Amino acid sequence: MPAISSKKPYRVGRSSTGLGLFATKPIKKGTKIVRYFGPLLDCKKKKDDAVENKYLFELNGRWTIDGSVRENVARYINHACKPNAESDVRPRKRKVFIRAIKNIEPGEEINYDYGTDYFKAYLKPIGCKCAACERKRKKQRAEARAERLRLKAKAEKKALRQAEKQAAKARENKHELNGAKANGVKLNGKHLNGHGGKLAVGKLIAMKTAISAKPESKPRGESRASARPQAISLSRTPDLSR
Ligand SMILES: [Zn+2]
């Protein structure tokens with residue numbers, strides 16, 4: 001068991017997921033940072049095979065390091081999908097070292113990839129909280145937000161277009177009505193409140209003629225039927241009550 005010297009280039013500190021190991025000095029790429037150690041478990045022994053915790057480091061089919069012991073500072077090193085260190089496994093020597101695969105600056109958290117099995121068993125169910133995954137999630141959230149804003153802007157533009165269309169239509173109707181009034185036809189509510197059928201045919205013809213500004217030449221019965229829808233639609237405009 002290596003003594004923990006004051007020269008060690010790391011310290012245990014608070015990380016985003018609890019505790020973590022942080023560089024206190026520059027660590028050069030390729031440097032052995034710390035050994036991952038603990039009792040060796042032999043899977044052929046029932047007692048050893050029954051041990052279960054999050055710090056088991058499998059060396060090979062038979063031997064596993066139980067890294068849950070307090071002295072194993074390397075157990076504080078968190079997983080990262082894009083790490084700055086790696087686990088250097090020496091199954092024959094039954095040793096594991098954590099080695100820098102990048103130059104690490106003081107203050108930087110040290111991490112290595114725990115491997116697919118650990119990831120699937122422990123990290124995937126709760127969502128990996130490493131910096132790379134957090135960045136990815138942040139980016140996805142930003143993209144989703146941008147998409148929502150884009151759709152909202154699109155919907156607002158559409159609503160505005162429709163409102164403009166309706167306003168234009170309303171202006172047109174008003175124009176037509178004003179034209180009808182100018183032609184001297186009285187359009188009061190009684191005539192246009194949807195009871196067009198009860199009106200005298202002659203009056204309806206007069207009204208329609210005035211609106212379309214065309215002489216009515218159709219037979220009476222037919223003109224009465226065709227005049228009705230127009231009378232109903234006109235009754236919806238607010239100007240009629242004046
Ligand atoms: Zn991750």
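From a predicted model like this one, the values you see are computed outputs, not experimental measurements.

Scoring rules and cut-offs
Position numbers for residues count from 1 along each chain, tracking the sequence in the order it is written. Confidence filtering applies because this is a predicted model: local features only for residues at pLDDT of at least 70, side-chain atom pairs given and counted only at 80 or more, and all residues used for totals across whole chains, interfaces and linings. For side-chain calculations, the full set of non-hydrogen atoms in the structure is used, while hydrogens and water are omitted. Secondary structure elements follow DSSP: runs of H or I no shorter than four residues count as helices, runs of E no shorter than two count as strands, and numbering proceeds from the N terminus. Atoms are scored as donors when they are N, O or S and lie within 2.8 Å of the metal, with 3.2 Å used for Na, K and Ca; no water is included, so coordination may look incomplete. Every angle between 85 and 135 degrees makes a four-donor site tetrahedral, while opposite donors more than 155 degrees apart, with all other angles between 65 and 115, make a four-donor site square planar and a six-donor site octahedral; other sites are irregular. The set of buried Ala, Val, Leu, Ile, Met, Phe, Trp, Tyr and Cys residues whose side-chain atoms join them within 4.5 Å is what this entry labels a nonpolar core. Each residue is assigned to one of three classes by its accessible area relative to the maximum for its type, calculated with a 1.4 Å probe on protein chains only: buried under 20%, partly exposed between the two thresholds, exposed over 50%. The contact rule is simple, with two residues in contact once any of their heavy atoms fall within 4.5 Å. At least two DSSP bridges between two strands are required for those strands to pair. Axis angles are defined between N-to-C directions and span 0 to 180 degrees, where every axis is a line fitted to C-alpha atoms and, for a helix, only to the segment in contact.

What to know about unusual backbone geometry
1) Next: Phi at Arg94 takes a positive value of approximately 55°, unusual for a residue other than glycine.
2) Next: With respect to the secondary-structure elements, Arg94 resides in the loop between strand 8 (85–90) and strand 9 (95–100).

Topic: the coordination of the zinc ion
1) Next: Looking at the zinc ion, one finds its protein donor set to be Cys81 (SG), Cys128 (SG), Cys130 (SG) and Cys133 (SG), positioned 2.3 to 2.4 Å from the metal centre.
2) Next: Of note is the zinc ion, whose four donor atoms meet at the metal with angles of 104 to 114° in an arrangement that counts as tetrahedral.
3) Next: Ordering the donors of the zinc ion by residue number gives the pattern C-x46-C-x1-C-x2-C. Remark: Cys130 occurs in the loop between helix 2 (116–123) and helix 3 (131–182) and Cys81 occurs in the loop between strand 7 (78–79) and strand 8; sequence separation between them is 49 residues.

Some words on the nonpolar core
1) Next: Counting 21 residues, the largest nonpolar core has Ile33, Val34, Ile77 and Ile110 as its most contacted members.
2) Next: Elements that contribute at least two residues to this core include exactly strand 2 (18–23), strand 3 (32–36), strand 6 (63–66), strand 9 and strand 10 (109–112).
3) Next: Discounting chain neighbours no more than four positions away, the residues touching Val34 are Tyr10, Leu21, Ala74, Ile77, Phe97 and Ile98.
4) Next: One finds Cys128, Cys130, Ala132 and Cys133 within the second-largest nonpolar core, a separate group that totals five residues.

Structural notes on the sheet that holds strand 6
1) Next: Taken together, the three strands give an open sheet; going across it, the order is 4-6-5, and neighbouring strands pair in antiparallel fashion. At either margin of the open sheet sits one strand with a lone partner, and together these are strand 4 (40–42) and strand 5 (56–58). Neighbour to neighbour, the strand axes of the sheet diverge by 35° on average, direction disregarded.

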